Amino acid sequence: MTLPFDLVILGTAVLVAWACTLPGLFLVLRRQALLGDAISHAALPGIVAGYWLSGGSLATLPALVGASLSGLLTVGLSALIARSGRVKEDAALGLVFPALFAAGVIAVSLNYGNVHLDLDAVLYGEIAYTPFRTGWLGLPAAWVLVGGMLLVNALFVGGLFKELKLSTFDPGLARTLGFSPRLLSGALLTLVALTVVAAFDAVGAVLVVAFLVVPSATALLLTRRLGTALALALGAGLSASVLGYAVALALDASITGAVAGVLGLQFVLALAAQALRARRVRGRAALGR
Amino acid sequence: MSLGPADFFTDYTLRSIVLGSALLGLVAGTLGCFSVLRRQSLIGDTVAHAALPGICAAFLLTGTRDTLGLLVGGGISGLLASLLALAILRYSRLKEDVALGVTFSTFFGVGIALLTAIGQSGNAAQAGLEGFLFGQAAALTAGDVTRFAVLGALALGTVAALHKELQISLFDPDYAAVQGWPVAGLTALSTALTVLAVMLGLQTVGVVLMAAMLIAPAVAARQWTRSLSGMLRLAGGFGALSGGLGAALSLAFSPEGGAGLPTGAVTVLTATALAVLSLLLAPGRGLLAGLARQRRARARLLRDLAGGPR
């Protein structure tokens, strides 16, 4: 069975969009929006280690496991540094991930100086190749991997929605009521690390980082209700995938880049709408109505 | 080629690389203090990524890979991205991390779309355009060092001249606004200086590692001092030290005839090591000093308790 190319590519984009948006919304609310970027770069030493262990092949199970482990290491180390109270969260993250990335770069240059370990492919990804890689049941490999991640994320967010909401907005109350915000946060971040790795294998780090942050940010400009925000963000990811794909075909440009561009455009429109509305509300208040 | 310290005075390439990296570290370290204190540590990462569409646009406009033109193009789009991030902070409830995340991922995405569109057009000169993003300290020339020195002096001179204004709009923007100072303008100015530092560093250490050159020296310096001017000076010193030392180490440990250790990566690891050591060892704020204080307090408490009620 072969599926049409367009369907495979679009399906992959939408699966990645939704798998990223589910945990991404909570990252945005928790001031951890840049974690995706950090994980995707810090994964390099893990990828190199997996590459070395598997005897020289990218995008294999050892490389994916290695990437996930170094993603988790990023999360853990930066939380540890931030918890010392000497460094703010953003600076802690900015200390950890470039160091891990630098270690990866050095490992590559020492061991694989003459092998073409294609970093561009890891960072940019090439969603247009997804139709050529089939996995389980003859389905595209990306669908299986990212679809599985989407399922896990949906079960997690759907099953623990109330708990996530409470521990995001009022961790103190959550703790008092007997939930463990730290455990929940650890589970969320683990899912983010796994999702980033699973998805950037298919579409590259750029689109993963964009999908983690931008649709949720757009949605949060438009509503203050969490459920509505989630629905809006999922819709934004879907429409940006379709529009971005069309733009990429028209311009003969990278699909990943075009989708990210459309996401940015959606955000700017929402920001403008919000700024206009705020001005109207202020104007009315000034008139005393 | 194996290099010793004495070669610093005779070897042109070595001197350019070490001096250039140290200058870059000095400028980035000093300016990084502002973004770290403003909780916008990753603005360097944002600007560095957001430079891509500008680099592509500059290439499309000029048709050449002339370094200066590409840097100016990249600087303009980096500046646009950082101003957009500041606008998001101002006009919405979204926080710093989201503002940076949204701008960098979408700008970088547009850049990649442009890059691939240029690639499809079959323009041979575009080859290696993205190599620009990965940094190549070994390519530093005496001319680059001179340029770093001039632009760096300009940036640091601005910081020195506007020190008081920048400080108050950083720590107490409301007070500064009441005093009639253009807080938004001053913030944009210090951000623009950061963009300048990033564009200087892009060629040397590359996109990702540039973030660390802004953050690590500032984090290290923060542990040793409580004043902004002290922090600025120390961070500049730490930055210069990691740049110079990193470059020297990477050259000294390069295997004979091998590709060599990437200077940017070694520089970043040096800066990170300085930051970690400062976190552990600094008097007062250091973790070890804190531990010792805790132990002393506990011993005193136990002694007092053992003494019983008086």
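Higher on the page you've got the structure.
Residues numbered from 1 in each chain as written. Chains lettered and ligands numbered in written order. Predicted model: local features only at pLDDT ≥ 70, side-chain atom pairs only at ≥ 80, totals over all residues. Heavy atoms only, no water.

S.K.: How would you summarise the overall build of chain A if you had to cite specific residues and measurements?
M.R.: If you tally the helices and strands in chain A, you get 12 helices and 0 strands. For chain A, the sequential pattern of α-helices and β-strands runs α-α-α-α-α-α-α-α-α-α-α-α. Scored against the burial criterion, the 289 residues of chain A give a buried share of 54%. Taking the contacts inside chain A whose residues are at least 6 apart along the sequence as the reference set, 75% of them involve residues at least 24 apart. When the accessible area of chain A is evaluated, it comes to approximately 12700 Å², of which 68% is carbon and sulfur surface. (Helix = DSSP H or I, 4+ residues; strand = E, 2+ residues; numbered from the N terminus. Buried < 20%, exposed > 50% of the residue type's maximum accessible area, 1.4 Å probe, protein only. Contact = heavy atoms within 4.5 Å. Areas by Shrake-Rupley, 256 points an atom, 1.4 Å probe, with all protein chains shown as cover.)

S.K.: Run through the overall build of chain B, naming residues and quoting values.
M.R.: Secondary structure assignment for chain B yields 13 helices and 0 strands. In chain B, the order of α-helices and β-strands from amino to carboxyl end is α-α-α-α-α-α-α-α-α-α-α-α-α. Within the span of chain B, comprising 310 residues, buried residues form 51% of the whole. Surface accessibility of chain B: about 13300 Å² in total, with carbon and sulfur atoms responsible for 66%.

S.K.: Go over the packing of aromatic side chains, please, and point to the residues and values.
M.R.: Residues and elements named next belong to chain A. Across all of its chains, the model carries 1 aromatic pair over all chains by this definition. Measuring from centroid to centroid gives 6.4 Å for F26 and F161, while their planes differ by 75 degrees, and the two rings are edge-to-face. Of this pair, F26 sits in helix α1 (residues 5–29) while F161 sits in helix α7 (residues 161–169), and the two are 135 residues apart along the sequence. Exposure remark for F26: the relative accessible area of 0% places this residue in the buried category. Taking relative accessible area as the criterion, F161 reaches 24% and is therefore assigned partly exposed. (Phe/Tyr/Trp six-rings, centres within 6.5 Å; stacked < 30°, edge-to-face > 60°.)

S.K.: Go over the interface of chain B and chain A with me, naming the residues and quoting the values.
M.R.: Facing the 56 residues of chain B at the interface are 55 residues of chain A. The contact between chain B and chain A buries some 4600 Å² in all, and 72% of this surface belongs to carbon and sulfur atoms. Between E89 of chain A and R39 of chain B there is a salt bridge, with its nearest N and O atoms 3.0 Å apart. Put simply, chain B and chain A have 9 residue pairs in polar contact (both at pLDDT 80 or more) between them. (Buried area = accessible area lost by both parts, 1.4 Å probe. Salt bridge = Lys/Arg side-chain N within 4 Å of Asp/Glu carboxyl O. Polar contact = N/O pair within 3.5 Å; in protein donor to acceptor, adjacent residues only side chain to side chain.)

S.K.: Give a detailed account of the environment of G283 of chain A, specifying residues and quantitative values.
M.R.: Residue and element names in this part refer to chain A. Position of G283 relative to the elements: it lies in helix α12 (residues 255–287). Take G283: its relative accessible area is 34%, and that puts it in the partly exposed class. On a C-alpha basis, the gap between G283 and S109 in space is 60 Å, while along the polypeptide they are 174 residues apart.

S.K.: Describe α7 of chain A, listing the residues and the values that go with them.
M.R.: Looking at α7 of chain A, one finds that the buried residues are L164, L166, S167 and T168 of chain A. Buried-residue contacts for α7 of chain A involve α1, α6 (141–159), α8 (171–176) and α9 (181–203) of chain A.

S.K.: Give a description of a positive patch on the surface that names residues and reports values.
M.R.: Taken together, R224, R277, R280 and R284 of chain A together with R93 and K95 of chain B make up a surface patch of like positive charges. Along the chain, R280 of chain A falls in helix α12. Overall, the relative accessible area of 53% leaves R280 of chain A in the exposed class. (Patch = residues over 30% accessible without salt bridge, like charges linked within 9 Å, V, L, I, M, F, W, Y side chains within 5 Å. Lys, Arg positive; Asp, Glu negative; His and termini not counted. Charge placed at Lys NZ, Arg CZ, Asp CG, Glu CD.)

S.K.: Explain the pattern of salt bridges residue by residue, including any values.
M.R.: Applying the stated criterion to the full structure yields 2 salt bridges over all chains. With a shortest N-O distance of 2.6 Å, E96 of chain B and R31 of chain A are connected by a salt bridge. With E96 of chain B in helix α5 (residues 96–120) and R31 of chain A in the loop between α1 and α2 (35–53), this residue pair bridges two chains. R31 of chain A gets classed as partly exposed once you look at its relative accessible area, which sits at 32%.

S.K.: Help me get a handle on unusual backbone geometry, residues and values and all.
M.R.: At D252 of chain A, a residue that is not glycine, the phi angle is positive and equals roughly 55 degrees. Even without being glycine, R39 of chain B reaches a positive phi, approximately 60 degrees. Its place among the elements puts R39 of chain B in the loop between α2 (12–37) and α3 (43–62).

S.K.: Please set out the environment of L166 of chain A residue by residue, giving values where relevant.
M.R.: All names here are of chain A. Structurally, L166 is set in helix α7. Placed 71 residues apart in sequence, L166 and G237 show a C-alpha to C-alpha distance of 25 Å. Sequence-distant contacts of L166, that is, excluding residues within four places in its chain, are made with P171, L173, A174, L177 and F179.

S.K.: Describe the packing of α6 of chain A against α7 of chain A, naming the residues involved and giving the relevant values.
M.R.: Residue and element names in this part refer to chain A. Two numbers describe how α6 lies on α7: the axes approach to 4 Å, and their chain directions differ by 70 degrees. One element, α6, and the other, α7, form an angle in the roughly perpendicular class. Across the interface between the two elements, F156, V157, G158 and G159 of α6 pack against F161, E163 and L164 of α7. The residue makeup of the contact of α6 with α7, split by class, is 4 nonpolar, 2 polar and 1 charged. (Axes fitted to C-alpha atoms, helices over the stretch in contact; angles between N-to-C directions. Parallel < 35°, antiparallel > 145°, perpendicular 65-115°, else oblique. Nonpolar A, V, L, I, M, F, W, Y, C, P; charged D, E, K, R; others polar.)

S.K.: Break down a nonpolar patch on the surface for me, citing the residues and quoting the values.
M.R.: Residues and elements named next belong to chain B. There is a patch of nonpolar side chains on the surface, built from W224, L234, V276, L277, L280, L281, L288 and L291 and spanning about 710 Å² of accessible area. Those elements that provide at least two residues to the nonpolar patch are α12 (263–281) and α13 (287–306). A per-element tally of the nonpolar patch places α12 first, with 4 residues. Positionally, V276 belongs in helix α12.

S.K.: Tell me what's going on with the side chain of T272 of chain B, and back it up with residues and numbers.
M.R.: Residue position: T272 of chain B is located in helix α12. Using a relative accessible area of 11% as the deciding quantity, one classes T272 of chain B as buried.

S.K.: Account for α1 of chain A, with residues named and values stated.
M.R.: Its 25 residues place the ends of α1 of chain A 36 Å apart at the C-alpha level, agreeing with the 36 Å of an ideal helix rising 1.5 Å per residue. The sharpest bend along α1 of chain A comes to roughly 35 degrees, located at L22 of chain A, with the proline P23 of chain A sitting one to four residues further on. (Expected span 1.5 Å × (residues − 1). Bend = angle between axes of the 7 residues up to and from the residue.)

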